[in-house]
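Summary of structural features
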Amino acid sequence: MSDGIAIRVVDLEKRFAGARELALDRVSFELGRGKLGAVVGRSGSGKSTLLRCMAGLEDFDRGAIEIDGVRVESGGAASLLGRVGLVFQAFELFPHLTVLENCTLAPRRVRNKPRGEAEAHARELLKLLGLENKVDMHPLRLSGGERQRAAIARALAMEPRVLCYDEPTSALDASLRREVSRTFERVRETAVTQVVVTHDVALARDLADSVFVLDHGRIAESGAPERVFVSPEHAATRALLSENEYESV
Amino acid sequence: MKIHGIWPCALIAVIVSWGPGALADPGSLEQLRARGELRWGADAQGGAPYVFQDPMDPNHLIGFEVDLAAALAKKLGVRARPVQGQWDQLLELLARGDFDLALNGIEIAAEKARVCELTRAYYVAAERITVRRGDANAPRSLELLRGRPVGTLPGSLAERILTRAGANVKSYDGGQNEIYDDLRIGRSDAVLLDEPIARYYGAIDPALEVLEGSFGEVRYAAAVKLGDVELRHALDRAFDELSKDGTLRGIYERWGLWNAETARLLGDPREHTSAVPEAWEAWRAAVGKQPPFWERVRDRYPSTLGLFARGAALTLLLSLSAMSVAIVLGVAIALGRSYGPRPVRWLALAYVEFFRGTPLLVQLTMVYFGLPELGVTLDPFVAGVIALGLNYAAAEAENYRAGLASVSGGQIDAARVLGLNMLETIRWVVGPQAARVAIPPATNDFIALLKDSSLVSLVTLTELTKTYTNLANSTRDHLGLGVVVAIWYLLIGLPFARLARLAEERLGRHLGRAAT
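Here the residue numbers are simple positions, counted from 1 along each chain's written sequence. The naming scheme follows written order: chains are lettered A onward, ligands numbered 1 onward. Per-residue local features are limited, in this predicted model, to residues with pLDDT of at least 70; the limit for side-chain atom pairs, both in listing and counting, is 80 or more; totals at the level of whole chains, interfaces and linings are taken over all residues.

Quick look at the overall build of chain A
From N to C terminus, chain A includes eight helices and 10 strands. For 249 residues, the compact-globule formula gives about 18 Å, and the C-alpha radius of gyration of chain A, at 18 Å, lands near that figure. Here chain A holds 249 residues, and 47% of them are scored as buried. Put simply, of all contacts in chain A between residues at least 6 apart along the chain, 66% involve residues at least 24 apart. Numbering of helices and strands starts at the N terminus; helices are DSSP runs of H or I of at least 4 residues and strands are runs of E of at least 2. Atoms considered for the radius of gyration are the C-alpha atoms alone. The globule rule reads 2.2 Å times the number of residues to the power 0.38. Exposure in this text rests on C-beta crowding, where 20 or more other C-beta atoms within 10 Å of a residue's own make it buried, 12 or fewer make it exposed, and counts in between make it partly exposed. The C-beta atoms are placed from the backbone. Contact between two residues is assigned when their C-beta atoms, built from the backbone, lie within 7 Å.

In C-alpha cells:
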C-alpha cells in the first residue's frame, strides 16, 4: 500500500446480463497517487462502465479493483461507495438543497460529522473552487461551470482518495474548457488522484499524466499523452484522433 | 371483543387487540341494568313520526318511538339512549351488538324471526295509498296500480303488496319526504306506505290526497338479538304493562296515531278517540309550509349550528385519521412497488389493484359487518378509519410512485456514490423531490376522502352528510340545508387545499419549473 499506487485495476471483467460481448475485457491499469489519468475511447468502448465499476455503482464478474491498497473483488463493489468520488456528466446536484447542503449531506448523514465541522470543510472546498459566493444558492441558479465545480466540491467533501469524472467537458460550452483545466489543477492541490473518462482528446492531452485508450472493453494502448497521441500504435487511437479533429473543425 | 374507541388511541387498540374474540353473552338484561341504559337503534333519517329531529329544535330527537323507548326503559329501571343506524341495516347492527334493541317501525315477518327475536306487536298500521289531489288518472285501487310508477320504502310490506299488484315499484333509500315530493312533482303516480308515514308526509301536503281505506296491515315489533330470550320477555312484559296502564294509548293519541286496529291489538274497547293530537299539530305547523329562505337562515339555521359542528368535527377527525393511515401505508406500498424485490412489487401491485378496483362501500361493509364473523368487532369509528385508510392508501401509493418516478436514476446514483444507503437516499434525496410531485394529487385525494367519509353513516356514525339528510328529512327542507352543508364542507376542505398549495410552492421554489 505504500508503493505510491492509488488505483490498481487488475483483469477486470464485466458482462451485462443478456449481452454477447464483454463490456470490460481483462482491463488492467494503475495510477500513482496524486496523478491524473485519462481514460479515452469512443462511445460504447466501455469507459462509462469502467467508471461505474470503480465508483461502486456496478459490480463486475472477475478481477479486482484496489484503491489505496484496499482490494475489492467481484461481488464487493458496493464497498467502494462513499470511498471513490464521482462527478457525473449531468452533475446530478440535488436541486432541493443549497450548494452548501449538497456538500454537507453525505458527511453529516454517512460520516456523522457535526454540522459545524461539515460546513466549515465544505466552505473551504467551495472557496478552493471559487464558489464562496454561491454557498447558499440552489443548483438551478448556477451556471454550467459552477454546477460542475459544486459537484466536485460535493464529491471532495467525502474526502475520497480517488475522484472520477464522467465526460467533464461534454455538458459545457467549449469556451469553458480553460475553466475546467484550471479546476483540475486546483483539485490536484488536494492530492486526490483523479480519473477522467472522456472522448475529448485535447483535454486528455493537456492535463493527463497517463492516458488509457479503451476499445471494445479492452485497453488498446496506454502511456504518457505525448507518446500516445503523437505516435499512436493502435487503430482505435488513430480513429479517436481523427474523430476529434473532425469535431474541432 | 368490543373495542370502545378513545379515538386517538383507537388504532393502537385495534392493532393490539386484533384476534379472535368471544361472542357477547346473549343474556344481556343484567348487563343492561348494570350499565343503566337501554341502547335502542333507530334511523333518524326515517323521519316523522317514528324517530326524527324536532324541526323547532333539531338538537332533540322526538317521535312516538322515542316516547316508547323512554317508557320501556323506565319499566326496566334504566335510561333510554338512542343509537343511530341505517334503517335497512338495523337488524345487522343489532346482531353485531351495537345496541340492545331495534325499535323503528320494524314489521313482523317470518324472515325476520330467523335473524332476531321479535317482541309482541306494539302497533298496527294500515297501508294507505296517497295520490295527487285532482289527478283524474289517479290510481285509486290496488288493481289500478298495475304498471304505474308507485313510490314506497324498500323491504317493506307495502313494497311486497305493490310487487304483487304488478306496479312499477320505485323504492327510496333516502327519507320518506322524497317519496312524497316525487309524487307531487309527477315522478310517480301514487305512494303506498304505512299510515303513520302517510299521515305525516302525505296528509299535510295540500297537493296530495290520502285515500280512505286500508290496503294491507302491518304490525310493528321491537327486535332484540337472536337468542336473547330473557330481554325479549322483559320487553314483552313492559309492553303489556304500558298497554294496561294506558301509556301506549296516550302516546299514540298525542301523535295522532290511534286507530281501531291498534285498539284491538291492545284489547282496548274504545276504538275512537277525541284526544287532541298535539304532536301531529306541532309537526304540521312546523313543516307544513316552508318559510322563505332568508327567514329560515335567520330563525332556523342557527339552531342547527351545534349539530353541524359536531358532524363536521367527526367528518374532519375521521378524514384526518384515515388520511394518516393512507399516507403511511401509501408510502410503504409506493416504496415497495418502486424499489422492492419482485415478490414485494407484485404484492404492492395486487394491493393497489384490489383496493382501487372494488367499491369503498363493499370494503366498509366487509370491515364492519364481515369481520365480526371472524371474531373481530370494531368500533364504528375505527372501522371507518380502517376502511377509508386502506382504500385511500391505494390511491396515495400511486401518487407517491409517480413522485418517485419523477426523480431520475442519476439522483439515486449520485446519493449512493456519496455513501448514502437506500433509506437515507429516500429520506434526504428522493423523498423531498417526490413530495412536490405527489402533493397536488394527494390534496385532491384528501378532499375526495373528506366527501367519501360520508359513507360511514352506514356504520352508525352521524357525520356531516348524515346530519344533513336527517335534518332535511325532519324539517322537509332539502335545498336550504343543502346550501348550509355545502358551506360546511367547503369550510373544512378549503384550508387544506390552501395549505397544500403553500407546501407545494415551498418545496418547488428551487426546483425550477415552479420558480418562474
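Still more ground to cover, so stick around.
A look at the domain arrangement of chain B
Residue and element names in this part refer to chain B. Entries for chain B in the domain assignment read domain 1 (28–122 + 218–292), domain 2 (127–216) and domain 3 (304–508). For domain 1 and domain 3, the distance between their C-alpha centroids amounts to 39 Å. Domain 1 puts 21 residues into the contact, and the matching count from domain 3 is 18 residues. Per-element tally for the side of domain 1 that touches domain 3: the top contributor is helix α4 (residues 90–96), with three residues. Note on residue categories: nonpolar means Ala, Val, Leu, Ile, Met, Phe, Trp, Tyr, Cys or Pro, charged means Asp, Glu, Lys or Arg, and polar means any other residue, Gly included. Grouping the amino acids of the side of domain 1 that touches domain 3 by side-chain chemistry returns eight nonpolar, 10 polar and three charged. Where each domain starts and ends comes from a domain assignment, either automatic or drawn from a database.

As for the packing of helix α7 (residues 176–184) of chain B against helix α8 (residues 195–202) of chain B
Residue and element names in this part refer to chain B. Axis lines are fitted to C-alpha atoms, over the contacting stretch for helices. Their N-to-C directions set the angle, which ranges from 0 to 180 degrees. Following both chains from N to C, one finds α7 and α8 inclined at 60°, their axes separated by 10 Å at the closest point. Like other packed secondary-structure pairs, α7 and α8 cross with a definite hand, here right-handed. Facing α7, whose interface residues are Gln-176, Asn-177 and Tyr-180, α8 presents Ile-197, Tyr-201 and Gly-202. Tallied by class, the residues present in the contact of α7 with α8 amount to three nonpolar, three polar and no charged. Handedness of each helix crossing follows the sense of rotation of the near helix against the far helix: counterclockwise by less than a right angle gives left-handed, clockwise gives right-handed.

Comments concerning the pairing of strand β4 (residues 79–84) of chain B
Residues and elements named next belong to chain B. Every second residue of β4 is oriented toward a common face, the buried set being Ala-80, Pro-82 and Gln-84 and the non-buried set Arg-79, Arg-81 and Val-83. For strand β1 (residues 37–42) and β4, the ladder comprises six bridges, and the chain directions are parallel. Its bridge partner being in β4, Gly-41 is matched across the sheet by Val-83. Paired strands, in this sense, are two strands between which DSSP finds at least two bridges.

A few points about the sheet that holds strand β10 (residues 218–223) of chain A
Residue and element names in this part refer to chain A. One open sheet holds the six strands; their spatial order is β6-β7-β8-β3-β9-β10, and the pairing between them is mixed. Edge positions in the sheet fall to β6 (84–87) and β10, since each has one partner strand and no second. Taken pair by pair, the neighbouring strands of this sheet meet at an average axis angle of 20°, ignoring direction. Sheet topology note: the strand β3 (residues 36–40)/strand β9 (residues 210–215) ladder contains four bridges and is parallel. Bridging from a neighbouring strand, Val-39 pairs with Phe-212 of β9. Against the sheet, helix α4 (residues 144–156) engages β6 and β7 (162–166), with an angle of about 170° to β6.

Regarding the environment of Gly63(A)
Residues and elements named next belong to chain A. Residue placement: Gly-63 occurs in strand β4 (residues 62–67). The partly exposed category is assigned to Gly-63, around which 19 C-beta atoms lie within 10 Å. A sequence separation of 51 residues divides Gly-63 from Leu-12, and the C-alpha atoms of the two residues are 4.3 Å apart. Once residues lying within four places of it in the same chain are set aside, the contact partners of Gly-63 are Val-10, Asp-11, Leu-12 and Glu-13.

A short note on helix α20 (residues 464–475) of chain B
All names here are of chain B. The span one expects for a helix is its residue count, reduced by one, times 1.5 Å. Compared with an ideal rise of 1.5 Å per residue, which puts 12 residues at 16 Å, α20 spans 16 Å between its outermost C-alpha atoms and is within 8% of the ideal. Most of α20 sits out of view: 11 of its 12 residues are buried. All of the buried residues in α20 are Leu-464, Lys-466, Thr-467, Tyr-468, Thr-469, Asn-470, Leu-471, Ala-472, Asn-473, Ser-474 and Thr-475. Buried residues belonging to α20 abut β2 (52–54), β3 (57–62), α7, α12 (278–287), α14 (305–339) and α21 (478–508).

A closer look at the domain arrangement of chain A
Residue and element names in this part refer to chain A. Taken domain by domain, chain A comprises domain 1 (5–83 + 162–248) and domain 2 (96–159). Placing a centre on the C-alpha atoms of domain 1 and another on those of domain 2 gives a separation of 25 Å. Counting from both sides, the interface comprises 12 residues of domain 1 and, opposite them, 11 residues of domain 2. For the side of domain 1 that touches domain 2, the element with the most residues is helix α5 (residues 177–189), which contributes four residues. Residue composition of the side of domain 1 that touches domain 2, by class: seven nonpolar, three polar and two charged.

Quick word on the interface of chain B and chain A
When the parts come together, some accessible area is lost, and that loss is often what is quoted as the size of the interface. On the chain A side, the residues contacting the 17 residues of chain B number 18 residues. Broken down by secondary-structure element, the contributors of at least two residues to the side of chain B that touches chain A are α18 (409–417) and α19 (422–452) of chain B. Element by element, the count of residues in the side of chain B that touches chain A is highest for α18(B), at six residues. When the residues that make up the side of chain B that touches chain A are grouped by side-chain class, the tally is eight nonpolar, six polar and three charged.

What about the packing of α14(B) against helix α15 (residues 342–357) of chain B?
Residue and element names in this part refer to chain B. Between α14 and α15, the shortest axis-to-axis distance is 7 Å and the interhelical angle comes to 135°. Considered as vectors, α14 and α15 are oriented oblique to each other. Where α14 crosses over α15, the handedness of that crossing is left-handed. Within the contact between the two elements, α14 uses Ile-333, Gly-336 and Arg-337 and α15 uses Val-344, Arg-345, Leu-347, Ala-348, Leu-349, Tyr-351 and Val-352. Orientation labels follow simple angle bins: below 35 degrees gives roughly parallel, above 145 gives roughly antiparallel, 65 to 115 gives roughly perpendicular, and whatever is left gives oblique.

Looking at the sheet that holds β4(A)
Residues and elements named next belong to chain A. An order of β2-β1-β4-β5 is seen for the four strands of this open sheet, with the pairing classed as antiparallel. Pairing within the sheet leaves two strands with one partner each, and these edge strands are β2 (24–32) and β5 (70–73). The sheet shows a mean angle of 15° between the axes of neighbouring strands, direction not considered. Relative to β2, strand β1 (residues 5–14) is paired through six bridges, and the arrangement is antiparallel.

Description of the environment of Leu24(A)
All names here are of chain A. Residue position: Leu-24 is located in strand β2. Classification of Leu-24 by C-beta neighbours within 10 Å gives buried; the count is 27. Residues contacting Leu-24, with those up to four places away along its chain left out, are Leu-12, Glu-13, Lys-14, Gly-46, Thr-49, Leu-50, Phe-60 and Gly-217.

Let's talk about unusual backbone geometry
Along the chain, Ala48(B) connects to Pro49(B) via a cis peptide bond; the corresponding omega equals -5°. If you trace the backbone, Pro49(B) turns up in the loop between β1 and β2. Even without being a glycine, Asp11(A) presents a positive backbone phi close to 45°. Considering the arrangement of structural elements, one finds Asp11(A) in strand β1.

Observations concerning the nonpolar core
One finds Met54(A), Ala153(A), Cys164(A) and Val213(A) to be the most contacted residues of the largest nonpolar core, which totals 132 residues. Take this core: its biggest share by element is 15 residues, from helix α17 (residues 380–405) of chain B. The contact partners of Val213(A), leaving out residues within four places of it in the chain, are Val40(A), Gly41(A), Ile219(A), Ala220(A), Glu221(A), Ser222(A), Val228(A), His234(A), Ala236(A), Thr237(A) and Leu240(A). Under the definition applied here, buried Ala, Val, Leu, Ile, Met, Phe, Trp, Tyr and Cys residues are grouped into a nonpolar core through C-beta atoms within 7 Å. Ala102(B), Ala125(B), Ala158(B) and Leu266(B) belong to the second-largest nonpolar core, a separate cluster that totals 78 residues.

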